[in-house]
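These are the residues of each chain, in order.
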Amino acid sequence: MPTDQQRAWAYRSPEQPRRWQQPKLTNEQRQEIRRRYEAGESIQALAAAYGVSRSTINRYR
């Protein structure tokens, strides 16, 4: 059975925007990831350095 919050989310009017998650990395961090990846650093090492998943790094490399 859906909660009131779930019903409100499913049946809100089109004028109400959805709440999206904030970006995990800034534009500067994305540029740094690209530079470091091109220099030969592994995706796993970059993910550990920035505290994000490997799929997030793959999205921005």
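Residues numbered from 1 in each chain as written. Predicted model: local features only at pLDDT ≥ 70, side-chain atom pairs only at ≥ 80, totals over all residues. Heavy atoms only, no water.

### Thoughts on helix α3 (residues 43–50)
Counted only if it meets this: Burial classes follow relative accessibility: with a 1.4 Å probe on protein chains only, a residue under 20% of its type's maximum area counts as buried, one over 50% as exposed, and anything between as partly exposed. Only runs of H or I of at least four residues qualify as helices and only runs of E of at least two qualify as strands under DSSP, and these elements are numbered from the N terminus. The arc refers to the directions leading from the helix axis to the C-beta atoms. Two residues qualify as a contact provided that any one of their heavy atoms is within 4.5 Å of a heavy atom in the partner residue.
Buried within α3 we find Ile-43, Leu-46, Ala-47 and Tyr-50. The buried side chains of α3 occupy one side of the element, clustering within an arc of 100 degrees when seen end-on. Looking at α3, the residues exposed on the side facing more than 90 degrees away from the buried face are Gln-44 and Ala-48. Against the buried residues of α3 lie α2 (27–38) and α4 (54–60). Where α3 terminates, the next one or two residues include Gly-51, which has phi positive at roughly 70 degrees.

### Focus on the nonpolar core
What counts is decided by this rule: The term nonpolar core refers to a set of buried residues drawn from Ala, Val, Leu, Ile, Met, Phe, Trp, Tyr and Cys, joined through side-chain atoms within 4.5 Å.
Leu-25, Ile-33, Ile-43, Leu-46, Ala-47, Tyr-50, Val-52, Ile-57 and Tyr-60 together form the largest nonpolar core, which totals nine residues. Secondary structure elements with two or more residues in this core: α3 and α4. The leading source of residues in this core is α3, at four residues. Residues within four places of Ile-33 in sequence aside, it is in contact with Leu-25, Leu-46, Tyr-50 and Ile-57.

### So, the pattern of salt bridges
Worth spelling out the cut-off: Note on definitions: salt bridges are taken to be side-chain nitrogens of Lys or Arg within 4 Å of carboxyl oxygens of Asp or Glu.
All told, the structure shown has two salt bridges when counted by the stated rule. For Arg-35, the salt bridge is made with Glu-32, and the minimal N-O distance between the two is 2.5 Å. Taken together, the residues Arg-35 and Glu-32, both in helix α2 and three residues apart, mark about one turn of the helix. The exposure class of Arg-35 is partly exposed, given its relative accessible area of 47%. Residue class for Glu-32 comes out partly exposed when judged on its relative accessible area of 27%. Here Glu-41 ties to Arg-36 by a salt bridge, and the two come within 2.7 Å at their closest N and O atoms.

### Focus: α2
Residues that lie three or four places apart on an α-helix share one face, since the helix turns once every 3.6 residues. Test applied: Multiplying 1.5 Å by the helix residue count minus one yields the expected span of that helix.
Here α2 is 12 residues long and its end C-alpha atoms lie 17 Å apart, about the 16 Å a rise of 1.5 Å per residue gives. Within α2 the residues assigned to the buried category are Arg-30, Ile-33 and Arg-36. Mapping the buried residues of α2 onto a view down its axis gives an arc of 130 degrees, with all of them on the same face. Among the exposed residues of α2, those oriented more than 90 degrees off its buried face are Asn-27, Glu-28, Gln-31 and Glu-38. For α2, the elements touching its buried residues are α3 and α4.

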